[in-house]
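Commentary on secondary and tertiary structure
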Amino acid sequence: MASDEKKAEILKGLHDSVVEYEEEKTVEVANEAVAEGLDAFEAIMGGLAKGMETVGDLYVRQEYFVPELLLCADALYAGLEVLKPHLKAESHAEPRKIILGVVEGDIHDIGKNLVKVMFDAAGWQVFDLGADVKIERFAEEQKKCGAQVVGLSALMTTSMLAIPRIIKTLRDSDSTVRVLVGGAPLNPDIAASYGADGYADNAGEAVEQAMKMLQQA
Amino acid sequence: MSNSDRAEALLRGDKVDRVPLYHFLLGFCARNVGYTTVDMYNNAEKSFQAQLWTFEQYGIDGGPDYGYASYGGWEFGGEIKMPEGEWQQAPSHVNFPVNTEEDLAALAMPDVKTAGSLPLAMEFSKLQQKHGKPITVTLGGNFSVAGNICPPSTLCRWMLKKPDAAHRILQIASDHILDVVRYWSDTFGAENVIPNLWEPMAANDIISPKQFEKFALPYIKETNEKMLGMGIKHILYHICGEQNANMPLWAQIPMGDPGMVTFGHQVKLSTAIEYFGDSCIILGNVLPALIQTGTPQQVYDASRDCILEAKDAPRGFMLMPGCELPPMSPFFNVYMMKKAIEDFGYYG
Amino acid sequence: MGIGNDRVSMLLKGERVDMVPVFPLGIRAFAALGVGYTMGEAYSDGEKSCRAELWAQEQYGFDGFPNFAYGPFGAWEFGGEIKFPEGEFQQAPMAVRYPVISEEDVWTLRVPDDISTAGAIPIGMAHSLTAAAAGATVMTPNAGVFTTAGNLCSVQKLARWMIKKPSLAHRMLELSRDFLIGMVQLWVDTFGKDILMYNAEPSAANQVISARHFEEFVLPYSIEVHSAALRMGIKHIMTHICGDQNLNLDHWTKIPMGDPGLLTFGHEVDLHTAIEKLGESSVIMGNVEPSLIQNGHPNDLYDACRAAIKAGKGAPRGFVLMSGCGFPPKTPPYNFFTMVKAARELGKL
Ligand code: B12
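Residues numbered from 1 in each chain as written. Chains lettered and ligands numbered in written order. Predicted model: local features only at pLDDT ≥ 70, side-chain atom pairs only at ≥ 80, totals over all residues. Heavy atoms only, no water.

**Examining the sheet that holds strand E4 (residues 193–198) of chain B**
Residue and element names in this part refer to chain B. Note the following rule: By definition, two strands form a pair when at least two bridges between them are found by DSSP. Only runs of H or I of at least four residues qualify as helices and only runs of E of at least two qualify as strands under DSSP, and these elements are numbered from the N terminus. Structural elements are reduced to axes, namely lines fitted to C-alpha atoms, with helices fitted over the stretch in contact, and the angle between N-to-C directions of any two is expressed from 0 to 180 degrees. Whether two residues touch is decided by their heavy atoms; if any such pair falls within 4.5 Å, the residues are in contact.
Strands sit in the order E3-E4-E5-E6-E7-E8 across an open sheet of six strands; the sheet is parallel. The sheet terminates laterally at strand E3 (135–140) and strand E8 (317–321), the two strands that pair on one side only. When strand polarity is set aside, the average angle formed by the axes of neighbouring strands in this sheet is 20 degrees. Pairing of strand E6 (residues 259–263) with strand E7 (residues 280–286) involves four bridges; the strand directions are parallel. Note on E7: the bridge partner recorded for Met 260 is Ile 281. Set on the sheet, helix H14 (residues 296–310) makes contact with E7 and E8; between it and E8 the angle comes to about 155 degrees.

**Observations regarding the coordination of the cobalt atom of the ligand**
To keep it simple, the criterion reads: A donor here means any N, O or S atom no more than 2.8 Å from the metal (3.2 Å for Na, K and Ca); water is not included, so a site may seem to lack partners.
Exactly one protein atom donates to the cobalt atom of the ligand; that atom is His108(A) (NE2), 2.3 Å from the metal. Relative to the helices and strands, His108(A) resides in the loop between strand E1 (97–102) and helix H5 (110–121).

**Notes on the environment of Gly264(B)**
Residues and elements named next belong to chain B. Note that Gly 264 resides in the loop between E6 and helix H12 (269–276). Sequence spacing of Gly 264 and Asp 205 is 59 residues, and the spatial spacing of their C-alpha atoms is 12 Å. Residue contacts for Gly 264: discarding those within four places in its chain leaves Ile 239, Asn 285 and Gly 322.

**Notes on the domain arrangement of chain A**
How big an interface is tends to be stated in terms of accessible area lost as the parts join. Residues and elements named next belong to chain A. Using the following cut-off: Where each domain starts and ends comes from a domain assignment, either automatic or drawn from a database. What counts as buried area is the accessible surface, traced by a 1.4 Å probe, that two parts surrender upon association, with contributions from both included. Any Lys or Arg side-chain nitrogen located within 4 Å of an Asp or Glu carboxyl oxygen qualifies as a salt bridge. Pairs of N or O atoms are called polar contacts if they sit within 3.5 Å, as long as, within protein, a hydrogen donor faces a hydrogen acceptor (for residues adjacent in sequence, only side-chain-to-side-chain pairs). Here the nonpolar group is Ala, Val, Leu, Ile, Met, Phe, Trp, Tyr, Cys and Pro; Asp, Glu, Lys and Arg are the charged ones; every other residue, Gly included, is treated as polar.
Domain boundaries assigned for chain A yield domain 1 (4–91) and domain 2 (97–216). Using only C-alpha atoms to locate each centre, domain 1 and domain 2 end up separated by 26 Å. Taken residue by residue, the interface counts 12 residues in domain 1 and nine residues in domain 2. Around 840 Å² of area is buried between domain 1 and domain 2 when both sides are counted, 79% of it from carbon and sulfur atoms. Contact with domain 2 buries area across many residues of domain 1, yet Met 52, Val 66 and Tyr 77 alone supply 39% of it, more than any other trio. Here domain 1 is connected to domain 2 by zero salt bridges. At the junction of domain 1 and domain 2, the tally comes to one residue pair in polar contact (both at pLDDT 80 or more). Within the residue set of the side of domain 1 that touches domain 2, elements represented by two or more residues are helix H3 (40–60) and helix H4 (66–83). Of the residues belonging to the side of domain 1 that touches domain 2, the class tally is 11 nonpolar, one polar and no charged.

**Re unusual backbone geometry**
Both trends apply: most residues other than glycine have a negative phi, and most peptide bonds are in trans. In this model, Gly284(B) is joined to Asn285(B) through a cis peptide bond whose omega is -25 degrees. With respect to the element layout, Asn285(B) can be found in strand E7. Note that the residue after Asp259(C), namely Pro260(C), is joined by a cis bond; omega there is -10 degrees. Relative to the helices and strands, Pro260(C) resides in the loop between helix H11 (249–252) and strand E5 (261–265). If you check the backbone angles, Tyr21(A) has positive phi at about 40 degrees while not being a glycine. Summarising the element assignment, Tyr21(A) is placed in the loop between helix H1 (4–19) and helix H2 (23–35). Although it is not a glycine, Ser154(C) sits at a positive phi angle of roughly 85 degrees. Residue position: Ser154(C) is located in the loop between helix H7 (145–153) and helix H8 (155–164).

**Examining the packing of helix H15 (residues 331–344) of chain B against helix H4 (residues 46–60) of chain C**
Put simply, the rule is: Oblique is the label for any angle not under 35 degrees, not over 145, and not in the 65 to 115 range, which are roughly parallel, roughly antiparallel and roughly perpendicular in turn. If you view the pair so one helix is near and one far, a crossing is left-handed when the near helix is turned anticlockwise from the far one by less than a right angle, and right-handed when it is turned clockwise.
Packing of H15(B) against H4(C) brings their axes to within 10 Å, and their N-to-C directions diverge by 50 degrees. Relative to H4(C), the element H15(B) is oriented oblique. Remark: the crossing between H15(B) and H4(C) carries left-handed chirality. The residues of H4(C) that touch H15(B), namely those facing Phe331(B), Phe332(B), Tyr335(B) and Lys339(B), are Trp55(C), Glu58(C), Gln59(C) and Tyr60(C). Residues belonging to the contact of H15(B) with H4(C) are distributed by class as follows: five nonpolar, one polar and two charged.

**A short note on the pattern of salt bridges**
Tallying each qualifying case throughout the model produces 46 salt bridges over all chains. Overlapping salt bridges bring together Arg6(B), Asp17(B), Arg18(B) and Asp61(B) as one network.

**A short note on the pairing of strand E5 (residues 236–239) of chain B**
Residue and element names in this part refer to chain B. So the rule is basically this: Each residue is placed in one exposure class: buried if its accessible area under a 1.4 Å probe, protein chains only, is under 20% of its type's maximum, exposed if it is over 50%, and partly exposed if it falls in between. Handedness is read with the strands pointing away from the viewer; a crossover is right-handed when the path from the first strand over the helix to the second is clockwise.
Alternating residues of E5 divide into Leu 236 and His 238 and Tyr 237 and Ile 239, and every residue in both groups is buried. Bridge count between E4 and E5: three bridges; the pairing is parallel. Pairing of Leu 197 across the sheet is with Tyr 237, part of E5. In this fold, E4 hands off to helix H10 (residues 209–230), which returns the chain to E5; that crossover is right-handed. Bridge count for E5 against E6 is four bridges, and the pairing is parallel. Counted as the bridge partner of Leu 236 is Met 260 from E6.

**A few points about the side chain of His93(B)**
Along the chain, the position of His93(B) falls in strand E2 (residues 92–95). Separated by 2.9 Å, the side chains of His93(B) and Asn148(B) make a polar contact. For His93(B), the contacting residues outside a window of four places in its chain are Ile107(A), Ser70(B), Glu79(B), Ile80(B) and Asn148(B).

**Quick look at the site of the ligand**
Applicable threshold: Residue proximity to a molecule or strand is established when one non-hydrogen atom of the residue lies within 4 Å of it.
In the neighbourhood of the ligand, 46 residues make up the surrounding shell, with His108(A), Ser153(A), Ala69(B), Cys323(B) and Glu324(B) lying closest. Take Gly105(A): an N or O atom from its main chain is 3.4 Å from a nitrogen atom of the ligand. Ala203(A) is positioned with one of its backbone polar atoms (N or O) 3.0 Å from an oxygen atom of the ligand. Elements supplying a minimum of two residues to the shell around the ligand: H5, strand E3 (149–153), strand E4 (178–182) and helix H9 (203–216) of chain A. Classifying every residue of the shell around the ligand by side-chain character gives 27 nonpolar, 14 polar and five charged.

**Digging into the interface of chain B and chain A**
Taken together, the 28 residues of chain B in the interface contact 24 residues of chain A. Where chain B meets chain A, there are two salt bridges. When the shortest N-O distance is used, the salt bridge between Asp74(A) and Arg157(B) registers 2.5 Å. Applying the counting criterion to the chain B and chain A interface returns five residue pairs in polar contact (both at pLDDT 80 or more). Mapped onto the side of chain B that touches chain A, the elements with two or more residues apiece are E2, helix H8 (152–161), H10 and helix H13 (288–293) of chain B. The element that contributes the greatest number of residues to the side of chain B that touches chain A is H8(B), accounting for seven residues. In terms of residue class, the side of chain B that touches chain A is built from 12 nonpolar, 11 polar and five charged.

**Details of the interface of chain C and chain B**
Contacts between chain C and chain B engage 16 residues on the former and 17 residues on the latter. When the two sides are added together, the surface that chain C and chain B hide from each other amounts to roughly 1,500 Å², 61% of it contributed by carbon and sulfur. In this structure, the connection of chain C to chain B is made through two salt bridges. Lys339(B) is the salt-bridge partner of Glu58(C), the closest N and O atoms lying 2.8 Å from each other. For the pair chain C and chain B, the interface holds eight residue pairs in polar contact (both at pLDDT 80 or more). Contributions of two or more residues to the side of chain C that touches chain B are made by H4, helix H14 (298–312) and helix H15 (333–346) of chain C. Of the residues belonging to the side of chain C that touches chain B, the class tally is eight nonpolar, five polar and three charged.

**So, the sheet that holds E4(A)**
Residues and elements named next belong to chain A. Spatially, the five strands line up as an open sheet ordered E2-E1-E3-E4-E5, and their pairing is parallel. Edge positions in the open sheet fall to strand E2 (125–128) and strand E5 (198–199), since each of these has one partner strand only. Pairing analysis gives two bridges linking E4 to E5, with the strands arranged parallel. Across the sheet, residue Val 181 finds its bridge partner in E5, namely Tyr 199. Its contacts with the sheet put helix H6 (residues 135–145) on E1, E2 and E3, and the angle it makes with E1 is roughly 160 degrees.

Shown next as structure tokens:
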């Protein structure tokens, strides 16, 4: 078992290497965590995911832009790959599931991809349907994987009109599913008028919102 | 003054009777005349006709244009999909010609006479010529073309981790833009061609001003200088999205005399005039979403505010939405932009 | 309040106009969609739908005045049920339950006690109030006496009764007549006598009934309703002689329309014939085919307008270019613009 000091050092190492988008360093520190017998769940949440949270803040403050975010995400995923096999059974308990996709007719997927990273970092199982996703597919996939939350992204005023239709097909097939929406032309009012359960302005808030929605459910 | 005269008068440096109205609006035209959106993107004749009709109806100045933001992928050998169904408003990528550094190393320059959408664009420009309209060719800005040849996320990663690859793909995009503009110049005479360049991908929604300075600025600047060197007189740049932090850098780029620069609602028109007013006609920037979802009064008020803010720009001002007119905009809201010009856009 | 100043209203006042006016009949669904309202709102919200029409009028520069009439008028007012349009393909309200189902119902059915609160009347009233406030000509929102009767029990039933049980059919028409007269009175009480009464008779077309039945079941009641309206002081009645009514035209000449009346025809009736038979006493309006308006190439539509203008221009009391029936809501805006343009370019007087 690692000492508290060592543990703190490793968590900070994971955090920093994600923030500094040092992919190799992240793998290195993750291996060290395994070697030192650190709890994998703690390493992920207290190290990698914390790092991604900081990255989210840097993005909001316009210190980081999309390129930096993408590389931070690469580092995060590399670390996850090392740590995930070492997760203990109980922390393996059925993870929360979310389906993500950009709605039909819309190819703007950069924002959705960032949202996906945040859910991955927070330990969710993400089913990413990509961009330009046909209306019916969301409900079909939701039926298959039983995700509690579906996240819809739209970047154009044209394509956002598909959202209420998608919500209807989702509700028709599973009345318990929660729908989270986001993207530049949306706001909380439009989201509510479309019948969504939640809205988030950016990737960082998205996970928070999703958690809230599940608690309300 | 007839509609098509006004934009040309501003380009000549002549006075106009009122603020001209300008639009990128292919999808909207389809709805307005009862065509499909696909017609607007893959049938030059119908696309041209639908725009002429719609311009006549709403009093839009300037000529019909052809083009879309995903330009570049198809031309370099990738695949795009024409818009279909209810929700699509423009062509979109299916896959990209470049995904890896190996792809990049093997990438060949396309033949501009046959590649991708260019034959259609050429057919369209011949219609512009035949009808005595300004001859335009719509491409991405250098950074957006690069980000359409490889996925934008790849371009982003390369900027930080493989700057050589990023520079290489930007050089290829730049050479291609020049190839196309040269082809148009050879066909129609450089002095008659107005390149329309859209640069959404270099927005600060995506990259930092530092990255813009390193990876966008030098290429855009050099390409514009070379186009002007060929004899091009005016360049239209759509400086799309959040670009406030890039403005001092954009200001270093020559756009012709005058150039035409169009802005999203994110950049204030007074800021645009500060940086470009002395050298360019300023176009912008009614919030597109408002035109689709706002009340007629809101559209009218927003148009009035734009007109009052920018009407007296030294080289002229044209009212337009902050990006493409949303295809689903209520017809009456679109009319309200013209009404605002009638009420506030005349020069005393 | 009263008669407005658009070119159609000028014709009614006997004034000269500079060009053939354009008056698209029943444009409010098209207008509502044009400002981003739903098809449902075009019918369920009188104020919004009227405002949309006035806006469309400003945008396209056409003449005439807002009008609220809709197909199943009568069914709801007498206690039945209608459904407002929803979804993509519905374009107007429809009756889902008629107030008269059995023969007994005919004898128990009564004209609503308070017409002002019945069915869609408040919606129609809100529409007219909005029009009046904008200085536009006000027009009653009803359909014709035979069509309204058909809306009470279904046209099929009415048609069957005409042959098998004429007393039931006559009773339906009497109820319809009394209701319409009451409604016109309500409008006159509210807006004064300088308004128009509206009448539309799609169910009386020869695609549905014969001229003989028209004579027996439509003519006498129409004369009664129109005469009552004229006695109230109304000067002009606008009547949409919908569909193929060629065999009924001689009967229509016997119905008083005011001076002048305002008669609108579908593309099934030749404008020359309409003018010859009815042009001395009424302004003639018509009759560009609706499906051409919605689906036609702008050039073909322009040509059809040219033909209509050419045929109608010389009408003694005036001619108005119009859609041959309710204006198709899904018309591409440029096609409508083309109609107005054709009148401007070809209709100079
Ligand atoms: C980059 C860009 C492009 C790139 C897209 C590349 C890609 N693969 O994504 C390219 C060049 C291909 C492009 C094409 C087009 N574009 Co574009 N584009 C942009 C631009 C400048 C930036 C978008 C972006 O990536 N932002 C960065 C990301 C990180 O932010 P984001 O997407 O908003 O996401 C964040 C939040 O919104 C939120 N979020 C997002 N999704 C979700 C989902 C959930 C569940 C949650 C909780 C949160 C959430 O979290 C994210 C991270 O914080 C915008 C401008 C703008 N204002 O958005 C225009 C813009 C979206 N484009 C526009 C247009 C018109 C087009 C075209 C139609 C142009 C044309 N005629 O060809 C085409 C579209 C083709 C198609 N079929 O879709 C318009 C849309 C106008 C409208 N109708 O509303 C915009 C708004 C520009 C403008 N000012 O008007 N475009």
